[in-house]
Amino acid sequence: MIRHHPTEALLMAYAAGTLPEAMELAIATHISLCDTCRAAYGGYDAVGGALLDRSDSADLSDGCLTRTLARIRTETPEPRRQSGSAGALPAPLAGYVGESLEAVSWRPVGMGVRQAVIATTGEATARLFHIPAGTAMPDHGHNGTELTLVLQGAFSDAGGTYARGDIEVATEADDHMPVADISADCICLAVTDAPLRFKGWLPRLAQRFVGI
Ligand SMILES: [Zn+2]
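Residues numbered from 1 in each chain as written. Predicted model: local features only at pLDDT ≥ 70, side-chain atom pairs only at ≥ 80, totals over all residues. Heavy atoms only, no water.

## Some thoughts on the overall build of the chain
- For the chain, the count of helices and strands is six helices and 11 strands.
- Principal-axis analysis of the C-alpha atoms places the extent of the chain at approximately 60 × 35 × 35 Å.
- With 212 residues in all, the chain has 36% of them scored as buried.
- Element-wise, carbon and sulfur atoms account for 55% of the exposed surface of the chain, whose accessible area totals about 12300 Å².
- With 16 positive and 25 negative side-chain charges, the chain shows a spacing of 6 Å between the two charge centroids. (Helix = DSSP H or I, 4+ residues; strand = E, 2+ residues; numbered from the N terminus. Buried < 20%, exposed > 50% of the residue type's maximum accessible area, 1.4 Å probe, protein only. Areas by Shrake-Rupley, 256 points an atom, 1.4 Å probe, with all protein chains shown as cover. Lys, Arg positive; Asp, Glu negative; His and termini not counted. Charge placed at Lys NZ, Arg CZ, Asp CG, Glu CD.)

Below you can see the structure in the form of structure tokens.
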């Protein structure tokens, strides 16, 4: 049961295609796990479709339709991904990091926490975190927006408990210290569009090397 969703503004920006790629990845992954947001997104998408229908058309070059149809007929579709296996990743994420979490090349960032930066273009950065059960992440604030989507396990902070599919939206007004639940290692996708503000000197020192 998913309890924490992206804001309406984020879903609308996703439907409009104006989000940086890394944020788009987080929202697309949440939508793939959340029926409520998939339905809301469908509504915003229909608005975009209605706008397209009403806009003046621009002519494409001669032969455009023929070339497009030719490509559709010759290109073989990608094989369908297996889902439901252990450690399986939701489809939008699997397109970036591979079929399963075992395929991710993790790098240690201290305290047993590991990360894997996901290559995206644009103003925001996406990374996977593997946080050992019971571990507290350093207390931090935000210079921009931070989206955290849980893929496995759960974490808690002052805002509540976040489990698989839940997304936390933190902004400049929010400080928090996420703690991974004791029951299982927590794996999450974290997207930031500005550096975090750490309180302690040790995380601040580590920040220079890790680049969060
Ligand atoms: Zn949702």
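The structure having been displayed, the exposition proceeds.
## Some points on the sheet that holds strand β9 (residues 179–180)
- Read from one edge of the open sheet, three strands run β7-β6-β9, paired in antiparallel fashion. A strand with exactly one partner marks an edge of an open sheet, and here the two such strands are β7 (160–163) and β9.
- The pairing of strand β6 (residues 154–157) with β7 spans four bridges and is antiparallel. Its bridge partner being in β7, Ala-154 is matched across the sheet by Ala-163. (Pairing = 2+ DSSP bridges.)

## Some remarks on the side chain of His-142
- Along the chain, His-142 turns up in strand β4 (residues 140–142).
- For His-142, the contacting residues outside a window of four places in its chain are Ala-170, Thr-171, Glu-172, Asp-174, His-176, Leu-196 and Arg-197. (Contact = heavy atoms within 4.5 Å.)

## A short note on the nonpolar core
- Judged by nonpolar contacts, the single largest core of 35 residues is most densely connected at Ile-27, Leu-93, Leu-128, Leu-189 and Val-191.
- The leading source of residues in this core is helix α2 (residues 21–33), at seven residues.
- When neighbours within four sequence positions are excluded, Leu-189 is seen to be in contact with Leu-25, Ala-26, Thr-29, Leu-93, Ile-118, Ala-126, Arg-127, Leu-128, Leu-147, Thr-148, Leu-149 and Leu-151.
- By size, the runner-up hydrophobic cluster in this structure holds 11 residues, among which are Phe-155, Ala-180, Cys-188 and Ala-190. (Core = buried A, V, L, I, M, F, W, Y, C linked by side-chain atoms within 4.5 Å.)

## Quick look at the coordination of the zinc ion
- Within the first shell, the zinc ion binds the protein through His-5 (ND1), His-30 (NE2), Cys-34 (SG) and Cys-37 (SG), at distances of 2.0 to 2.3 Å.
- Around the zinc ion sit four donor atoms; with metal-centred angles ranging over 97 to 118°, the donor geometry is tetrahedral.
- Look at where the donors of the zinc ion fall in the sequence and you get H-x24-H-x3-C-x2-C.
- Judged by relative accessible area, Cys-34 falls into the buried class, the value being 2%. (Donors = N, O, S within 2.8 Å, 3.2 Å for Na, K, Ca; no water. Tetrahedral: all angles 85-135°; square planar, octahedral: opposite > 155°, others 65-115°.)

## Remarks on the confidence of the model for the chain
- Looking at the chain as a whole, the pLDDT averages 85, with 90% of positions reaching at least 70.
- Here helix α6 (residues 201–210) is the element of the chain with the lowest mean pLDDT, 68, and α2 is the one with the highest, 96.
- Confidence drops under pLDDT 50 across residues 81–86; counting only partners more than four residues distant or on other chains, this segment forms five contacts. (pLDDT = per-residue confidence, 0-100.)

## Focus: the sheet that holds strand β1 (residues 107–110)
- Reading across from one edge, β1-β2-β3-β10-β5-β8 is the order of the six strands in this open sheet, with antiparallel pairing throughout. The open sheet has two edge strands, β1 and β8 (167–170), and neither has a second partner. Taken pair by pair, the neighbouring strands of this sheet meet at an average axis angle of 30°, ignoring direction.
- One ladder, built from seven bridges, connects strand β3 (residues 125–131) with strand β10 (residues 186–192); its direction is antiparallel. Looking across to β10, one finds that Arg-127 is bridged to Ala-190.
- Along the sheet face, α2 touches β2 (113–118), β3, β5 (146–152), β8 and β10 and points at about 40° away from the line of β5. (Axes fitted to C-alpha atoms, helices over the stretch in contact; angles between N-to-C directions.)

## A closer look at the side chain of Gln-115
- With respect to the helices and strands, Gln-115 occurs in strand β2.
- A distance of 2.7 Å separates a polar atom in the side chain of Gln-115 from a polar atom in the side chain of Arg-127. (Polar contact = N/O pair within 3.5 Å; in protein donor to acceptor, adjacent residues only side chain to side chain.)

## Side note on the UniProt feature "domain: Putative zinc-finger" (unreviewed entry) in the chain
- Within this numbering scheme, the UniProt entry marks residues 8–38 as carrying the feature "domain: Putative zinc-finger" (unreviewed entry).
- End-to-end, the C-alpha atoms of residues 8–38 are 12 Å apart, and along that stretch the chain is 84% helix and 0% strand. (UniProt positions renumbered as here; feature names shortened; annotations may be inferred.)

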